[in-house]
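Architecture at a glance
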Amino acid sequence: MERIRARLSLNRKSALSVPVKLRKRKSKLYSKEDAHVQFQNGLFGVGINVTLFIVAYRLVNCLLVQSSFVPDEYWQSLEVAHQLVFKYGYLSWEWTEGIRSYLYPLFFASIYKILHFLNYDTVQLLVWLPRLAHAFLAALADIKLYSLIRGLEHSGVARWVFVSQLCSWFTWYCCTRTLTNTVETVLTTLALHYYPLHGSKVQDSSKYLGLVALAVIIRPTALIVWLPLLGYHFLREDDKLNLVTHRVLPVGVLTLGISTVIDCIFYGKWTLVQLNFLKFNVFHNVAEFYGSHPWHWYLTQGFPVVLGPHLPFFLHGCTLAPQRYRILLVTVIWTILVYSLLGHKEFRFIYPVLPLCMVFCGFSLASLKAWKRPAVCLLFLSNLLPALYTGLIHQRGSLDVMSHIQPLCEGKYSSSTPEPFVYFLMPCHSTPFYSHIHCPIKMQILQCPPDLTGNKSYVDEADLFFADPEGWLKTAFHNEASLPSHLVFFDVLTKEISSFLEVKQYVKKTEVFHTHVPEGRVGRNICVYERERL
């Protein structure tokens, strides 16, 4: 027995003296390979290379859009922000009547305030930084749209949705502009990424509801786009009471409350912007004052133009897309039909549904086999021409003429050379204003506020002027001392006021190109006349 114990003890000691080699295991949590994969996936769920490409693409997009689209891209954003920060400028009638929220202009006002604090508030930065900010927002929307489809479908479909989005000429034309419609489209795309489509992994609906609420606060008509989607979510939700009481109401009340507080502070009185917007644009139908179109305009012109060369791919994709995307198609149709009921129609109003249309275009391109490469080349080239033409040539005079006005800020004035006074004899809000010259010289435009009193014989100042241009000028400037130093107008007006220009000693200083398709009061070129002083 003792021998056995001694032998076992000896064997145990010898075993303990032999070093045991442990197998090294790589931790999946902290491996370099996994960190590399996370880096490749990027911050937004797509590859870092894809992210950098999209950002660079939209920055180039921003730099190659040097034209004007509609007055609202300045008068509902940059001009308001400039007046808030620098305390001089001009606000359109919407801001005196309280139908616009200050939330969107405050975004640009914060940029202006930082530039002013750093003493970098140059005209170039004031003009370009807000647009560059929109370029980054547009890139984020592109990324989220691609990420949404990649999470629901195979990578091939997501890739072609992505290509469709980047090829769209109207997206190129609009996405970097400081328009409420642009930020509405961005917020709609971001919200769609977090929307609980069938098959998605979204668990919490608070994110998409918050983005929808923000879009509605900035532009109340965003609710038109989201009504079908909100209704569909409500019908599919198992716990409907919880959705309403714990998601919809808290998000809505919080967003509306913050917006109302901000608006009350800046308006200086109790103001519910969303109610005023509804009252003026729906009940009083003020929007029709700025023009109306027949009910079928969106079907025959608006939607085909906005979709452009994508239209056949969209129609084809509607027949191929899985059933879960049917709600997106319903949303597109619903939005077009509702806007068709309104008298005042514009291309930009249906811009928010364009990313939804790109989803169906992606399914069409993904389904093509032998004709895929020719189809993609055709889609790209057919969008390239309108994108570059509208961005670089069409209606660029409104911006170019401001670069000829801005040097007036640098002059030295005395009794012999008084301060300049620039009068814009153009359809109202044809150009940007103080945000594009950034100095407090005297400038004035023809007024065109709508009648809010129900006076059927009301005629605004702009209409009075164009009814009898020379007569209006003689009446408005009967005193020599009140004459403007500079007049800015479209060339179609030259013949009608030529005698006034000659008598009052105005000479043409410059003429800038504006458009190849002059129409009505809008001419091919914009003229700047200066009064000679003896």
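Cut-offs applied
- Residues numbered from 1 in each chain as written.
- Predicted model: local features only at pLDDT ≥ 70, side-chain atom pairs only at ≥ 80, totals over all residues.
- Heavy atoms only, no water.
- Helix = DSSP H or I, 4+ residues; strand = E, 2+ residues; numbered from the N terminus.
- Rg over C-alpha atoms; globule rule 2.2 N^0.38 Å.
- Buried < 20%, exposed > 50% of the residue type's maximum accessible area, 1.4 Å probe, protein only.
- Contact = heavy atoms within 4.5 Å.
- Disulfide = S-S within 2.5 Å.
- UniProt positions renumbered as here; feature names shortened; annotations may be inferred.
- Domains from an automatic or database assignment.
- Buried area = accessible area lost by both parts, 1.4 Å probe.
- Phe/Tyr/Trp six-rings, centres within 6.5 Å; stacked < 30°, edge-to-face > 60°.
- Lys NZ or Arg CZ within 6 Å of the ring centre and 35° of its normal.
- Salt bridge = Lys/Arg side-chain N within 4 Å of Asp/Glu carboxyl O.

Looking only at helices and strands, the protein has 24 helices and 5 strands in total. What you see for the protein is a C-alpha radius of gyration of 30 Å, clearly larger than the 24 Å of a compact globule of 534 residues, by over 25%. Looking at the protein as a whole, 50% of its 534 residues are labelled buried. Look at the contacts in the protein between residues 6 or more apart in sequence, and 74% of them connect residues 24 or more apart.

A full pass over the atoms with the stated rule returns 2 disulfides. Between the sulfur atoms of Cys409 and its disulfide partner Cys439 the distance amounts to 1.8 Å. In this structure the cystine formed by Cys409 and Cys439 twists about its S-S bond by roughly -60°; its chirality is therefore left-handed. Within this pair, whereas Cys409 is found in the loop between α21 (397-405) and β1 (421-424), its partner Cys439 is found in the loop between β1 and β2 (442-445), the two being separated by 30 residues in sequence. Relative accessible area serves as the criterion here: at 8%, Cys439 is assigned to the buried category. Two residues, Cys428 and Cys448, share a disulfide whose sulfurs are 1.7 Å apart. Handedness of the Cys428-Cys448 disulfide follows from its S-S torsion of about 95°: it is right-handed. With a gap of 20 residues between them, Cys428 in the loop between β1 and β2 and Cys448 in the loop between β2 and α22 (461-467) connect regions that are remote in the sequence. Each member of the pair, Cys428 as well as Cys448, is classed as buried. In this structure Cys175 is a free cysteine whose sulfur lies 8.0 Å from that of Cys174, the closest cysteine sulfur available. Overall, Cys175 belongs to the buried group, its relative accessible area being 3%.

Here we take up the UniProt feature "transmembrane region" (unreviewed entry) in the protein. Those places that UniProt annotates as "transmembrane region" (unreviewed entry) correspond, in this numbering, to residues 208-235, 247-268, 327-343, 349-368 and 375-393. As annotated, residues 247-268 comprises 95% helix and 0% strand, and the C-alpha atoms at either end are separated by 31 Å. Secondary structure over residues 375-393 splits into 95% helix and 0% strand, and the C-alpha atoms at its two ends are 27 Å apart.

A common way to express how large an interface is: the accessible area buried when the components associate. Entries for the protein in the domain assignment read domain 1 (43-394) and domain 2 (397-531). Domain 1 and domain 2 are separated by 33 Å when their C-alpha centres are compared. Counting from both sides, the interface comprises 28 residues of domain 1 and, opposite them, 27 residues of domain 2. Between domain 1 and domain 2 lies a buried interface of about 2,300 Å² when both sides are counted; carbon and sulfur atoms form 69% of it. On the domain 1 side of the contact with domain 2, Trp75, Tyr88 and Phe289 bury the most area, a combined 23% of that side's loss.

Here we come to the packing of aromatic side chains. Taken as a whole and judged by the stated rule, the model has 40 aromatic pairs. Relative to Phe170, the ring of Trp169 has its centre 5.4 Å away and its plane inclined at 85°; by these criteria the two rings are edge-to-face. Note on accessibility: Trp169 and Phe170 belong to one class, buried. An aromatic cluster is defined as three or more aromatic residues linked by ring pairs; in this entry it consists of Trp75, Tyr88, Tyr90, Phe424, Phe433 and Tyr434. The cationic tip of Arg177 hangs over the ring face of Tyr173; the distance from NZ or CZ to the ring centre is 4.4 Å. Cation over ring: Lys442 sits above Phe421, and NZ or CZ is 4.2 Å from the ring centre.

Counted under the stated rule, the structure contains 13 salt bridges. Asp463 serves as the salt-bridge partner of Arg521, at 3.0 Å between the closest nitrogen and oxygen. Of the two residues, Arg521 sits in the loop between β4 (506-513) and β5 (525-531) while Asp463 sits in helix α22, which places them 58 residues apart along the sequence. A single salt-bridge network, built from bridges that share partners, covers Asp72, Glu346 and Arg348.

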